[in-house]
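# Summary of structural features
Residues per chain are reported as follows:
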Amino acid sequence: MRILIAGGCAGIRTAVRAEAEAAGCETGDFTRDAAASLHARDAVVDLGLSPQERLPGEALIPAESERAEDVAGGVPEGVRLVRRSLVGAAPDAPDPWRRAAHAAERPALERGGIILRAGLLMGSCAESEALVRVVKRSRLVPLPGLARARIEPLAVDDFVQFVLLAATGPALPGHEYDLGCGEFLTGELLVRDLAAALGIRRAGVALPGLLRGPLARAWAQPGFPRASADHLLRALAGGLLPVRMAAWKDFDHKPRDLRECLAAAAGMTLPPRSGPRGGRFGSWEAPKARGLLGKKLRGPKRRGRG
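Parameters at a glance
Residues numbered from 1 in each chain as written. Predicted model: local features only at pLDDT ≥ 70, side-chain atom pairs only at ≥ 80, totals over all residues. Heavy atoms only, no water. pLDDT = per-residue confidence, 0-100. Contact = heavy atoms within 4.5 Å. Helix = DSSP H or I, 4+ residues; strand = E, 2+ residues; numbered from the N terminus. Buried < 20%, exposed > 50% of the residue type's maximum accessible area, 1.4 Å probe, protein only. Phe/Tyr/Trp six-rings, centres within 6.5 Å; stacked < 30°, edge-to-face > 60°. Lys NZ or Arg CZ within 6 Å of the ring centre and 35° of its normal.

### Things to note about the confidence of the model for the chain
In the predicted model, the chain carries a mean pLDDT of 89, and the fraction of residues at 70 or more is 89%. Segment residues 274-284: pLDDT under 50, and 27 contacts once partners within four positions in sequence are set aside and those in other chains are kept. Low confidence marks residues 298-306, where pLDDT is under 50. Its contacts with residues over four positions away, or in another chain, come to eight contacts.

Listed below in structure tokens is the structure:
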């Protein structure tokens, strides 16, 4: 079986490729010429625009839609198409990223594709790495409109498993799936708990949402430019929560829990688990910490009284 991969950040694309090849699949980058040689048993995985390609503001919507049209139009009849999207994607969503995600879903659905909507992915991906960088940098983490936002993360390796099952597994009864770990937390708790996983103390500082634009510069980093940081902050402020949880019933995979999502973001090695596809109900082992991870929390030194 062949799987062609289109778009996405380098971390997720690499993870999909590695897992697919470990499962015995041949992989390659999507082009129309390569797709023309696919057979009914093959698949195309469209991960959307990479962070470097996301245009600022409303310009993202036509760019994402046109790209999705191009990929879907190159998929031969009968070949599976799996499209990454964003939870809360809707034409009237409050932020451009989710409106763009909705526009990009239509071409895939018209081709009979599977839509996998995820929120904040935790692990080796650009969004998670930007969050970790901000948390590491300062004891007080600015949260412009994010302090009370509700966020349900998903480990990158779980997202990859859902992608491969959609691409290679038995036919699914549905075409649209929201994905999450089954537990949510606020932006303020996300900062605190991620810092704890990193072995440091941090506190979130609630700021007005009007400051999201200027603060996007602080979230930017190589491979994750300011436009992508701005889109992420605006999407997080609106809350990234799954609506439909049919994936728990239709996929033979149960995602890792919240503490393991945070461990993945902190760079800990997540142990494999027994049970079908390594699901939530298999045996559990504590993630393995690296360096200072998992050590006693570090905070300001206390001075003794004389």
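Having seen it, we continue.
### Remarks on the environment of Arg 98
With respect to the element layout, Arg 98 can be found in helix H4 (residues 96-110). For Arg 98, a relative accessible area of 4% translates into the label buried. Along the chain, Arg 98 and Leu 60 lie 38 residues apart, while their C-alpha atoms are 10.0 Å from each other. Beyond its immediate chain neighbours, meaning those up to four positions away, Arg 98 contacts Leu 86, Val 87, Gly 88, Ala 89, Ala 90, Ala 93, Ala 235, Gly 238, Gly 239 and Leu 240.

### Notes on the environment of Pro 170
With respect to the element layout, Pro 170 can be found in the loop between helix H6 (156-168) and strand E10 (176-178). Separated by 80 residues in sequence, Pro 170 and Asp 250 have C-alpha atoms that sit 10.0 Å apart.

### Some remarks on the packing of aromatic side chains
Per the stated rule, a full pass over the model turns up two aromatic pairs. With centroids separated by 5.2 Å and ring planes inclined at 90 degrees, the aromatic side chains of Phe 162 and Phe 251 adopt a geometry described as edge-to-face. Of this pair, Phe 162 sits in helix H6 while Phe 251 is found in the loop between helix H10 (247-250) and helix H11 (258-265), placing the two residues 89 residues apart along the sequence. When sorted by exposure, Phe 162 lands in the same class as Phe 251, which is buried. Measuring from ring centre to ring centre gives 5.1 Å for Tyr 177 and Phe 251, while their planes differ by 80 degrees; the resulting arrangement is edge-to-face. Here Tyr 177, found in strand E10, pairs with Phe 251, found in the loop between H10 and H11; they are 74 residues apart in sequence, far enough to count as distant. Owing to a relative accessible area of 1%, Tyr 177 belongs among the buried residues under this scheme. Here the aromatic residues Phe 162, Tyr 177 and Phe 251 are joined through ring pairs into a cluster of three or more. Stacked on the ring of Phe 159, the Lys or Arg Arg 84 has its end atom at 5.9 Å from the ring centre.

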